[in-house]
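Structural features, examined
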Amino acid sequence: MVCLGNICRSPMAHGIMRDKIKKLELNVHVDSAGTSSYHIGSPPDLRQQETARCHNIDISDLRARQFTKDDFAEFDLIYAMDSANLANIMALSKDENESKKVFMILNESQPNKNLDVPDPYYGNDDGFELVYNLLEQACTVIAKKIADGTYR
Ligand code: 4NP
């Protein structure tokens, strides 16, 4: 799960997916990262933590890190939160084997639209709830595909 700062959207996606993996007893490793170095080592934004907590998801243990080229070898699926993140991730890929692992996350719940998860950082609290709702829908689809064995 990859966004810009790894303090709002991608830790929310990480927390939602981690919760579903546990509940469905899936054998999946999930992680998150940011394309920027701005917030390395920081916990999730307190506004996103609070929104998560309202939905019984605890993301307080997560710490921001930067996406690296090594992540292409480590992960089978790489989800970008928006088109700028997608471009930044793609720019680090060395071949098609790596670039074909990268997807816009909202295409899981709203296929072929290439919609962004809106960056909530400079907005009001509604933005964090919208992030939760959009990612809950996308992660529900991802978890179901994995559980059903129908993932690509
Ligand atoms: P995120 O949100 O990419 O969802 O973690 C942001 C966090 C920080 C900044 C921008 C977006 N920033 O410019 O510091």
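Here, residues in each chain are numbered from 1, in the same order as that chain's written sequence. Whole-chain, interface and lining totals are the exception, using all residues; otherwise, since this is a predicted model, local features are given only for residues with pLDDT of at least 70 and side-chain atom pairs are given and counted only at 80 or more. Remark: hydrogens and water are excluded; side-chain values derive from all non-hydrogen atoms of the structure.

**Here's the deal with the environment of F128**
Numbering of helices and strands runs from the N terminus, with a helix taken as a DSSP run of H or I at least four residues long and a strand as a DSSP run of E at least two residues long. When you line up the elements, F128 lands in helix α6 (residues 126–148). C-alpha of F128 to C-alpha of F72: the two residues are 56 residues apart in sequence and 28 Å apart in space. Throughout, a contact is declared for two residues whenever any of their heavy atoms are within 4.5 Å. The contacts of F128, once residues within four sequence positions are left out, are C8, D45, R47, Q48, T51 and P120.

**So, the packing of helix α1 (residues 9–24) against α6**
Interaxial distance between α1 and α6 falls to 9 Å at its minimum, and their mutual angle equals 40°. The orientation of α1 relative to α6 falls into the category oblique. For the crossing formed where α1 meets α6, the hand is right-handed. Residues R9, M12, A13, I16, M17, K20 and L24 of α1 form the contact with α6, whose own contacting residues are V131, Y132, L135, E136, C139, T140, I142, A143 and I146. Between N-to-C directions, angles cover 0 to 180 degrees, with each direction set by a line fitted to C-alpha atoms, over the stretch in contact for helices. Any angle from 65 to 115 degrees is called roughly perpendicular, while one under 35 is roughly parallel, one over 145 is roughly antiparallel, and all others are oblique. It is the rotation of the near helix from the far one that decides the hand of a crossing: anticlockwise by less than a right angle makes it left-handed, clockwise makes it right-handed.

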